[in-house]
Amino acid sequence: MKRFTLFFISYIIWILLVLPLDLQTLILGFFVALIVALLFGKEFVENYKRLWHIDRLFWFLVYIPVFTYYLILANLDVMYRVLHPDLPINPGIVKVKTKLKSRSGRSVLCNSITLTPGTLSVDIEGEYIYIHWLNVKSDDVDLASKGIVEKFEKYLMKVFG
Amino acid sequence: MNNIIGYIIIGIGVLFNLFGCIGLLRMPDVYCRLQAATKCVTLGICFVLIGVVVIVGFNPLGVKALICMVFILVTSPTGAHALARGAHKSGVKLWKKSVCDKYKDKESK
Amino acid sequence: MIVEMLLFVVLLICCFLCLYRIARGPTVPDRVVAIDILGIVVVGFTALIAVETGKDFYMNIAIAWALISFLGTIALAKHLEGKSFDE
């Protein structure tokens, strides 16, 4: 079942990549996806059954506009700091705590943190993430978690929780 | 009509790219440069590819542009994260006016 | 026509800013960051050429370039960290 999930996903990506479809590429893609599934099936995500849950996919679709909003906000913020003649930055590395358990959830959270206002994830260790912050407001663990992590966590808990 | 809207979107994206590269020049240390450059260039390229989709519509070229956008959105922050970690482990110091460095505290323990 | 030339010129300025950082950058990680950014800017170039000519194999080049530039960045980051590539 795990291999079938991987086969399905790689076959769909193949079809999108070769789009003017004909029979030859469809058959070739079938074998390529089969080889990929047999070789790398073991190293696929551990909770593969969650990929078939409709409600998790729905919450992921809800997450996308929220993420886009923060992404554009982040860029306007960085643009202001870059163009300001005095360079108003106040950098430092802080430590935050996350409640997410699954590994794929944590990696999505880290990627989101990297693309949002003034933060860049440096390392992850257990349930703590080290974050380089362009404008440090507090170096306390709880306060920093409240500012950075919580706005994504409540959606990602529903997707990966 | 589609052409005009598409070129406006591409223009916004290219401007974001330019600001990201100026950030690469002006920021004082590796981590700040990484922040400014990664964010602005990723969003800039996303805007360029969305503009391509608006101009050409949903033919094979447009679908490939959308797939390329998803790849960039996944790979670019991962690369930035790996680079920040590698820079810190290879011993690059933070800027001299930095406030705190919890990561170094952990490593020296 | 003029609009397209303008877009290409602005992207070219971006490339030269990255090259300046590669030439000047005081430490090795600075240069690696600039190489990463240069790789992503080239994807934008290729997308613009694809619109100009209307041929879709330029987009294949853009996808391949994005993925290979990512691999190169990861390899250089691992090297900076002092590990071999398979760890």
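Criteria and thresholds
- Residues numbered from 1 in each chain as written.
- Chains lettered and ligands numbered in written order.
- Predicted model: local features only at pLDDT ≥ 70, side-chain atom pairs only at ≥ 80, totals over all residues.
- Heavy atoms only, no water.
- Helix = DSSP H or I, 4+ residues; strand = E, 2+ residues; numbered from the N terminus.
- Rg over C-alpha atoms; globule rule 2.2 N^0.38 Å.
- Contact = heavy atoms within 4.5 Å.
- Areas by Shrake-Rupley, 256 points an atom, 1.4 Å probe, with all protein chains shown as cover.
- Lys, Arg positive; Asp, Glu negative; His and termini not counted.
- Charge placed at Lys NZ, Arg CZ, Asp CG, Glu CD.
- pLDDT = per-residue confidence, 0-100.
- Buried area = accessible area lost by both parts, 1.4 Å probe.
- Salt bridge = Lys/Arg side-chain N within 4 Å of Asp/Glu carboxyl O.
- Polar contact = N/O pair within 3.5 Å; in protein donor to acceptor, adjacent residues only side chain to side chain.
- Domains from an automatic or database assignment.
- Buried < 20%, exposed > 50% of the residue type's maximum accessible area, 1.4 Å probe, protein only.
- Pairing = 2+ DSSP bridges.
- Axes fitted to C-alpha atoms, helices over the stretch in contact; angles between N-to-C directions.
- Parallel < 35°, antiparallel > 145°, perpendicular 65-115°, else oblique.
- Left-handed = near helix turned anticlockwise from the far one by under 90°.
- Nonpolar A, V, L, I, M, F, W, Y, C, P; charged D, E, K, R; others polar.

### Let's talk about the overall build of chain A
If you tally the helices and strands in chain A, you get 6 helices and 3 strands. Ordered by position in the sequence, the α and β elements of chain A form the string α-α-α-β-α-β-β-α-α. The globule rule puts the C-alpha radius of gyration for 161 residues at 15 Å, and the 20 Å found for chain A is more than 25% above it. With respect to the principal axes defined by its C-alpha atoms, chain A has extents near 60 × 35 × 25 Å. For chain A, restricting intrachain contacts to residue pairs at least 6 apart in sequence, the fraction spanning at least 24 positions comes to 68%. A total of about 9000 Å² of accessible surface is found on chain A, and carbon and sulfur atoms cover 67% of it. One way to put it: in chain A the 18 positive side-chain charges average out to a point 7 Å from where the 14 negative ones average out.

### Side note on the confidence of the model for chain A
Should pLDDT be low for a region, the predicted coordinates there are not to be read in detail. Within chain A, residue pLDDT values average 80, and 94% of them lie at 70 or more. Looking over chain A, one finds the lowest element-wise mean pLDDT in helix α5 (residues 141-148) of chain A, namely 71, and the highest in helix α2 (residues 23-40) of chain A, namely 88.

### Side note on the interface of chain A and chain B
Residue-level contacts link 40 residues of chain A with 39 residues of chain B. Overall, the association of chain A and chain B removes approximately 3700 Å² of surface from exposure, summing both partners, and the carbon and sulfur fraction of that is 73%. A salt bridge links R85 of chain B to D123 of chain A, with the nearest nitrogen and oxygen atoms 2.9 Å apart. Seen at the junction of chain A and chain B, the total is 8 residue pairs in polar contact (both at pLDDT 80 or more). At the level of secondary structure, the elements contributing two or more residues to the side of chain A that touches chain B comprise α1 (2-17), α3 (54-83), β1 (92-97), α4 (103-114), β2 (119-125) and β3 (128-133) of chain A.

### Focus: the domain arrangement of chain A
Taken as a whole, chain A is organised into domain 1 (2-44) and domain 2 (50-160). Using C-alpha coordinates to define each centre, domain 1 of chain A is positioned 33 Å away from domain 2 of chain A.

### A short note on the pairing of β3 of chain A
All names here are of chain A. Among the 6 residues of β3, 5 are classified as buried, and the element is accordingly described as predominantly covered. In terms of strand pairing, β1 meets β3 through 6 bridges, oriented antiparallel. Bridge pairing in β3 links V96 to I129. Bridge count for β2 against β3 is 6 bridges, and the pairing is antiparallel.

### Some words on the packing of helix α1 (residues 2-26) of chain B against helix α1 (residues 2-24) of chain C
Two numbers describe a pair of packed helices, the interaxial angle and the distance between the axes. Axis separation between α1 of chain B and α1 of chain C bottoms out at 9 Å; the angle between their running directions is 20°. Judged on the interaxial angle alone, α1 of chain C and α1 of chain B are roughly parallel. Of the two possible hands of crossing, α1 of chain B and α1 of chain C adopt the one that is left-handed. Of α1 of chain C, the residues touching α1 of chain B (which contributes Y7, I10, G11, V14, N17, L18, C21, I22, L24 and L25 of chain B) are E4, L7, V10, L11, I13, C14, L17, C18, Y20 and R21 of chain C. For the contact of α1 of chain B with α1 of chain C, the class distribution of residues is 16 nonpolar, 2 polar and 2 charged.

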